[in-house]
Amino acid sequence: MYDIKKIHQANSVQDVLRIIEENPNTKIISGGTDVLIKMKERKLKDVEIVSIGDISELKGISIDGNGTIIIKAATCFIDIITNADILRHIPTLAKACNQIGSPQIRNIATIGGNLCNGAVSADVVPILLVLDAELHINNVNGEVRIIDVNDLHTGPGQTSLDDGKEILTEIHIKKVNYQGYGFDYFKYGKRNAMEIATLGCATGVKLNEEKNKIADFKISYSVAAPTPRRCRSLERLIIGEDVSQDTINLIKPENIEELKPRDSWRASKDFRLQLIKEIGRRTAIEAIRSQGGM
Ligand SMILES: Cc1cc2nc3c(=O)[nH]c(=O)nc-3n(C[C@H](O)[C@H](O)[C@H](O)COP(=O)(O)OP(=O)(O)OC[C@H]3O[C@@H](n4cnc5c(N)ncnc54)[C@H](O)[C@@H]3O)c2cc1C
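Calculation notes
Residues numbered from 1 in each chain as written. Predicted model: local features only at pLDDT ≥ 70, side-chain atom pairs only at ≥ 80, totals over all residues. Helix = DSSP H or I, 4+ residues; strand = E, 2+ residues; numbered from the N terminus. Rg over C-alpha atoms; globule rule 2.2 N^0.38 Å. Buried ≥ 20, exposed ≤ 12 C-beta atoms within 10 Å, placed from the backbone. Expected span 1.5 Å × (residues − 1). Contact = placed C-beta atoms within 7 Å. Pairing = 2+ DSSP bridges. Arc of directions from axis to C-beta. Domains from an automatic or database assignment. Nonpolar A, V, L, I, M, F, W, Y, C, P; charged D, E, K, R; others polar. Axes fitted to C-alpha atoms, helices over the stretch in contact; angles between N-to-C directions. Near = placed C-beta within 6 Å. Core = buried A, V, L, I, M, F, W, Y, C linked by C-beta atoms within 7 Å.

1. Some thoughts on the overall build of the chain
In step 1: Tallying secondary structure elements over the chain gives 11 helices and 14 strands in all.
In step 2: By the compact-globule yardstick of 19 Å for 294 residues, the chain fits well, its C-alpha radius of gyration being 19 Å.
In step 3: Considering only C-alpha atoms, the chain reaches an extent of 60 × 50 × 30 Å along its principal axes.
In step 4: Taken over 294 residues, the chain has a buried fraction of 42%.

What follows is the structure in structure tokens.
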């Protein structure tokens, strides 16, 4: 059923990098909930795998002295959903993780796998885009490349990671990108459980002291373009505006250059255009309300 040529055991990040360099066609496997499906569907054939699921240096959540939240790449969703620091500072990340798959999936699937799989529907991505998360990527030469999560996705199912040479190790969320912001994430699916997003939207809002102006605004969508995307054209329109229904009404496809929704068997293009407006507005209102506005 699974066409696996060889399974490598690795004890450290360095070990994984050595194995993938010495053995071309070796795939990293974390929770395996995407990789094993691809193998079963024979989209991946004749591969060797190296598991990172038991490497302790790739697991856990911490906050450093500057208030940066650090999530290690092989941390499972259940550990994010239940983490006290995440629930205190960025509960919307926990909310997004809690909508992934089923309890069984959330117990084994990882945040790193969700990012590196490159899926346009990945639930963790829209909120990480508005959090301007930084990704720490280690390579076979012992170097660490740091990229903005907004630069990770290069096409459908494609990322800027060099598969045979690099591993995602950490996700950093700086204090300046979460403190003082309200966030929300809305996943639209045809049913509530075990459903990937037909369209997803995350919003981050910072208000002025009087709570009557939008000091900062960030919005991203999944499944509305070939990759999950921030909508900077819309952000520019909304920053500095009053907290009002008129400002919320600016959230509409006509004001968003970055999105190109398509027809698919899950939803028509027209329905997705309607969702862009509807769930964009809902998440913005929710994020504003969480900061005491509206
Ligand atoms: C029944 C079911 C329901 C699902 N529902 C959802 C859902 O609702 N929402 C959603 O977003 N997803 C869903 N998924 C997809 C999947 O569970 C997630 O994408 C998950 O986060 C993948 O994590 P993983 O650890 O299992 O990744 P894996 O399958 O182990 O790996 C995925 C990819 O990432 C690479 N990779 C993993 N970790 C690293 C790393 N640290 N560095 C470099 N490359 C790495 C692997 O080589 C592989 O290419 C579902 C899957 C199943 C089977």
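2. Observations regarding helix 11 (residues 269–290)
In step 1: For helix 11, which comprises 22 residues, the first-to-last C-alpha distance of 31 Å matches the rise-based estimate of 32 Å (1.5 Å per residue) to within 8%.
In step 2: When we look at burial in helix 11, the residues that qualify are Arg272, Leu275, Ile276, Ile279, Gly280, Thr283, Ala284, Ala287 and Ile288.
In step 3: Buried positions along helix 11 lie against strand 11 (182–188), strand 12 (199–207), strand 13 (214–222) and helix 10 (245–248).

3. Regarding the pairing of strand 5 (residues 69–72)
In step 1: Across three bridges, strand 4 (residues 61–63) lies against strand 5 in antiparallel orientation. Directly across from Ser62, in strand 5, lies its bridge partner Ile70.
In step 2: In this antiparallel pair of consecutive strands, strand 4 and strand 5, the connection spans five residues, and Gly67 shows a positive phi of 85 degrees.
In step 3: By the bridge criterion, four bridges tie strand 5 to strand 10 (residues 166–173) in an arrangement that is antiparallel. Pairing of Ile69 across the sheet is with Ile173, part of strand 10.

4. With respect to unusual backbone geometry
What is expected of a backbone is that most residues other than glycine have negative phi and most peptide bonds are trans.
In step 1: Of note, Arg42 is a non-glycine position whose phi angle comes to about 60 degrees, a positive value.
In step 2: Structurally, Arg42 can be placed in the loop between helix 2 (35–40) and strand 3 (47–51).
In step 3: Note on Arg42: 11 C-beta atoms within 10 Å, which makes it exposed.
In step 4: Despite not being glycine, Asp46 shows a phi value in the positive range, around 60 degrees.
In step 5: Summarising the element assignment, Asp46 is placed in the loop between helix 2 and strand 3.

5. Considering the pairing of strand 7 (residues 144–148)
In step 1: For strand 7, the buried fraction is low: zero of the five residues fall into the buried class.
In step 2: Two elements, strand 6 (residues 134–139) and strand 7, share five bridges in a ladder whose sense is antiparallel. Looking at the pairing, Leu135 lines up with Ile147 of strand 7.
In step 3: A loop of four residues connects strand 6 with strand 7, the two strands running antiparallel in sequence, and Gly142 in this loop sits at a positive phi of about 85 degrees.

6. Details of helix 1 (residues 13–22)
In step 1: Those residues of helix 1 lying buried are Val16, Leu17 and Ile20. One side of helix 1 carries all its buried residues, which in axial view fall inside an arc of 95 degrees.
In step 2: Tucked inside the fold, the buried residues of helix 1 contact strand 2 (26–29), strand 3, strand 6 and strand 10.

7. Here's the deal with the domain arrangement of the chain
In step 1: Split by domain assignment, the chain resolves into domain 1 (4–51), domain 2 (60–174) and domain 3 (180–290).
In step 2: Distance from the C-alpha centre of domain 1 to the C-alpha centre of domain 2: 19 Å.
In step 3: With 11 residues of domain 1 at the interface, the matching set in domain 2 holds 16 residues.
In step 4: In terms of residues, the side of domain 1 that touches domain 2 owes the most to one element, helix 1, which gives five residues.
In step 5: Class assignment of the residues belonging to the side of domain 1 that touches domain 2 gives a composition of six nonpolar, three polar and two charged.

8. Section: the sheet that holds strand 7
Across a sheet, strands are paired by hydrogen bonds formed along the backbone, either parallel or antiparallel in direction.
In step 1: In space, the five strands of this open sheet follow the order 4-5-10-6-7, with antiparallel pairing throughout. Bordering the open sheet on either side are strand 4 and strand 7, each of which pairs with just one other strand. Looking at each pair of strands side by side, their axes are set apart by 25 degrees on average, direction ignored.
In step 2: Note that strand 6 and strand 10 share six bridges and pair antiparallel. If you follow Leu135 over to strand 10, its bridge partner there is Ile171.
In step 3: Packed onto the sheet, helix 1 meets strand 6 and strand 10 and runs at close to 145 degrees relative to strand 10.

9. Quick look at the site of the ligand
In step 1: Taken together, 30 residues surround the ligand, and among them Gly31, Asp34, Gly113, Asn114 and Cys116 come closest.
In step 2: For the shell around the ligand, the leading source of residues is helix 7 (residues 111–116), giving four residues.
In step 3: Looking at side-chain class alone, the shell around the ligand contains 16 nonpolar, 11 polar and three charged residues.
In step 4: Per-domain counts for the shell around the ligand show at least three residues from each of domain 1 (4–51) and domain 2 (60–174).

10. Notes on the nonpolar core
In step 1: With 80 residues, the main nonpolar core has Val124, Ile127, Leu128 and Leu199 as its most contacted residues.
In step 2: Once residues lying within four places of it in the same chain are set aside, the contact partners of Leu128 are Ala133, Val149 and Ile171.

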